[in-house]
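Below are the chains, spelled out letter by letter.
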Amino acid sequence: MARKKQSPPKATSRSKKTFLFITLAIVLIAFITYWLFALSATAFNEKSRMVTIEKDNTQKSAVLKVFEDAGILRFNSLLGIAGAPFNIWDKMKPGRYEIKKGQSILDIVRMLKNGRLAEVKLVINRVRTKAELAKLISKQFMTDSSTVMDYLSSNDSLAEINSDTTLLFTKIIPDTYNYFADASMKTILQKLSTGSKNFWEKNNRLQKAAAIKMTPEQVYILASIVDEETNYDADKYKIASVYLNRLKKQMPLQACPTIKYAMNDFTITRIYEKYLTNPSPYNTYKVKGLPPGPICTPSPKTIDIVLDAPQTDYIYFVAKSDFSGYHHFSNNYEEHNAKAKEYQKKLDDYMLKKRAEKP
């Protein structure tokens, strides 16, 4: 007679259920952990946001507060949890970090652990004074404008790039320069100086400067004046030729932009006689030749315009009376004086009309 099959012990059935429950729990925990730590943790809509970790605030609580204040993360506490196994709080590198939209907590932790600081762009266009440059640098780097200004005002510091406080701007070619946010002033200026060196070594610029018997620094200074005279390239060529002719004839440049620089007032629209007595070496009405340094950072194109200035017999120029922004050029004072009076009359009439329109 055949034996009946025996049912498996109830203990075995319970073990399977327990095993299944534990497995599901592990999977669920793994899923939640993955969702919390490996998927997007950011809470902003922009492409990225910057956070700055100050030198004396690398402790866990301080860093978490920076992230919280900046509104970076959906769950700020997760950064503290995830950072613990990596021991990032004892190794935090101060600096500016870029958090990109969609980054996970783990990505951010790795970035902080490895000290991968953000790249910043120093965009230099026309800068007129060291104070403007200091402000520009302090906005992008982890230093204040007064510290930058102290560095830019020190001949000892600038000697590292073979420059001084007067000729500093000749080492700066307007462009976009990439750095890490913790770059030192020495690093910043060395890259600018290298950029200037590379600029002059291209397109026969050194040879062109030698051909007009000028150094790169002198070309730069003249280009800074031309750049302040007009925004029209067609006129820049002629203005450059006027100033080159005046230099050859040992005439004063009598460049109005240098008076504005000497007065440290770039809002001046008319140069009055009282301004011309300023004893500044930048007063080109009193001092012959080029001023001792540039009055702005001229565009690379304007530097090339000076190097490629046409040969003319122009000695004078004055703004056209139609207020087009263009200039009238002449080779004799009589013609120039007539055009200057015509412009002054039109300008006086315009100013009278403007005053009459005021309530």
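Trainee: Would you mind showing me how to read helix α3 (residues 77–86) here?
Mentor: Residues spaced three or four apart along an α-helix point in a common direction, a consequence of the helix completing one turn every 3.6 residues. The set of residues buried in α3 consists of L78, L79, G80, A82 and G83. Where α3 ends, the next residue or the one after it, N87, has phi of about 55°, a positive value.

Trainee: Help me understand the packing of aromatic side chains, please; the structure alone is not making it clear to me.
Mentor: Each aromatic ring pair is described using two quantities: the centre-to-centre distance and the angle formed by the ring planes. As enumerated under the stated definition, the model contains 12 aromatic pairs in all. On the numbers, 5.6 Å between centres and 90° between planes, the contact of F199 with W200 is edge-to-face. Neither residue differs from the other here; F199 and W200 are each classed as buried. Ring centres 5.9 Å apart and planes at 70° place the aromatic pair Y272 and Y275 in the edge-to-face group. Through a chain of ring-to-ring contacts, three or more aromatic side chains come together here, namely Y243, Y314, F317 and F329. Just above the ring of Y179 sits the side chain of K191; from NZ or CZ to the centre is 4.9 Å.

Trainee: Teacher, can you tell me more about the pattern of salt bridges here?
Mentor: If charged atoms from side chains of opposite charge come close, those side chains can pair. Considering all chains together, one arrives at 15 salt bridges under this definition. R126 is the partner of E228 in a salt bridge, and the nearest nitrogen-oxygen pair spans 3.5 Å. With a gap of 102 residues between them, E228 in helix α10 (residues 216–229) and R126 in the loop between β3 (119–123) and α5 (130–140) connect regions that are remote in the sequence. Between D233 and K301 there is a salt bridge, with its nearest N and O atoms 2.8 Å apart. Of this pair, D233 sits in helix α11 (residues 233–248) while K301 sits in helix α13 (residues 300–307), and the two are 68 residues apart along the sequence. With relative accessibility at 26%, the residue D233 sits in the partly exposed group. Linked through salt bridges whose partners overlap, the residues forming this network are R126, R128, D227, E228, D233, K236 and K301.

Trainee: In this structure, what is going on with the pairing of β3? I would like to understand it.
Mentor: In β3, alternate side chains face the same way, and those of V120 and L122 are buried while those of E119, K121 and V123 on the opposite face are not. Pairing of β3 with strand β4 (residues 176–180), which is carried by 5 bridges, proceeds in the antiparallel orientation. Pairing of L122 across the sheet is with Y177, part of β4.

Trainee: How should the environment of G83 be read in this particular structure?
Mentor: With respect to the element layout, G83 can be found in helix α3. G83 gets classed as buried once you look at its relative accessible area, which sits at 0%. With 27 residues separating them along the chain, G83 and R110 place their C-alpha atoms 8.7 Å apart.

Trainee: Explanation requested: the packing of helix α6 (residues 145–152) against helix α8 (residues 185–200) in the structure shown.
Mentor: Geometry of a packed helix pair, given as the angle between the helix axes and the separation of the axes. Two numbers describe how α6 lies on α8: the axes approach to 11 Å, and their chain directions differ by 55°. Our classification of the angle between α6 and α8 gives oblique. For the element pair α6 and α8, the recorded crossing hand is right-handed. Across the interface between the two elements, V148, Y151 and L152 from α6 touch M185, K186 and L189 from α8. Of the residues that constitute the contact of α6 with α8, the class distribution is 5 nonpolar, no polar and 1 charged.

Trainee: I would appreciate a short explanation of the layout of surface pockets in the present structure.
Mentor: A probe as big as a water molecule, rolled over the atoms, marks out the empty space that is left. Taken as a whole, the largest pocket spans an internal volume of roughly 1400 Å³. In terms of lining residues, the largest pocket is bounded by 41 residues, among which C256, T269, I271, A319 and Y343 are the most central. Those elements giving two or more residues to the lining of the largest pocket turn out to be α10, α11, α12 (256–263), β5 (316–319) and α14 (333–357). Among the elements that line the lining of the largest pocket, the one with the most residues is α14, at 7 residues. Considered class by class, the residues forming the lining of the largest pocket number 21 nonpolar, 10 polar and 10 charged.

Trainee: What should I look at first to understand the nonpolar core in this one?
Mentor: Side chains of a nonpolar character, in soluble globular proteins, are inclined to be buried together. In terms of nonpolar packing, the biggest core is built from 51 residues, with L133, Y179, I188, Y243 and I303 touching the most fellow members. Of all the secondary structure elements, the ones that give two or more residues to this core are β3, α5, α6, β4, α8, α10, α11 and α13. Once residues within four sequence positions are removed from consideration, I303 is found in contact with I173, F199, W200, V219, Y220, A223 and P298. One finds L73, M92, Y97 and M111 within the second-largest nonpolar core, a separate group that totals 23 residues.

So, how was this worked out
The written sequence of each chain sets the order in which its residues are numbered from 1. Only residues with pLDDT of 70 or above have their local features reported here, since the model is predicted, and side-chain atom pairs are shown and tallied only from 80 upward, although totals for entire chains, interfaces and linings are computed over all residues. Here the side-chain values reflect all heavy atoms present in the structure, with hydrogen atoms and water set aside. Accessible area is worked out with a 1.4 Å probe on protein chains only. A residue is then buried under 20% of its type maximum, exposed over 50%, and partly exposed in between. Helix numbering and strand numbering both begin at the N terminus, where a helix is a DSSP run of H or I of at least 4 residues and a strand a DSSP run of E of at least 2. Working definition: rings of Phe, Tyr and Trp (its six-membered ring) pair if their centres are within 6.5 Å, and the pair is stacked with planes under 30 degrees apart, edge-to-face with planes over 60 apart, and tilted otherwise. Only Lys NZ and Arg CZ are tested; either one counts as a charge over a ring when it is within 6 Å of the ring centre and within 35 degrees of the ring normal. Salt bridges are defined by distance alone: a side-chain nitrogen of Lys or Arg within 4 Å of a carboxyl oxygen of Asp or Glu. Here, strands pair whenever DSSP counts at least two bridges between them. The axes used here are C-alpha line fits, helices contributing only the stretch in contact, and every angle between their N-to-C directions lies in the interval 0 to 180 degrees. With respect to orientation, any angle under 35 degrees is reported as roughly parallel, any angle over 145 as roughly antiparallel, any angle of 65 to 115 as roughly perpendicular, and every other angle as oblique. By definition, any crossing whose near helix is turned counterclockwise from its far helix by less than a right angle is left-handed, and any crossing with a clockwise turn is right-handed. Should any heavy atoms of two residues lie within 4.5 Å, those residues are counted as being in contact. The residue classification treats Ala, Val, Leu, Ile, Met, Phe, Trp, Tyr, Cys and Pro as nonpolar and Asp, Glu, Lys and Arg as charged. All others, Gly included, are polar. Lining residues are defined by having an atom within 4 Å of a point belonging to a cavity or pocket. Those points lie on a 1 Å grid over the protein atoms alone, cavities being sets where a 1.4 Å probe fits but cannot get out and pockets being open sets with protein on both sides within 12 Å along at least five of seven lines. Grid points are joined across faces, edges and corners, and a volume is the space filled by probe spheres set on the points. In plain words, nonpolar cores are sets of buried Ala, Val, Leu, Ile, Met, Phe, Trp, Tyr and Cys residues tied together by side-chain atoms within 4.5 Å.

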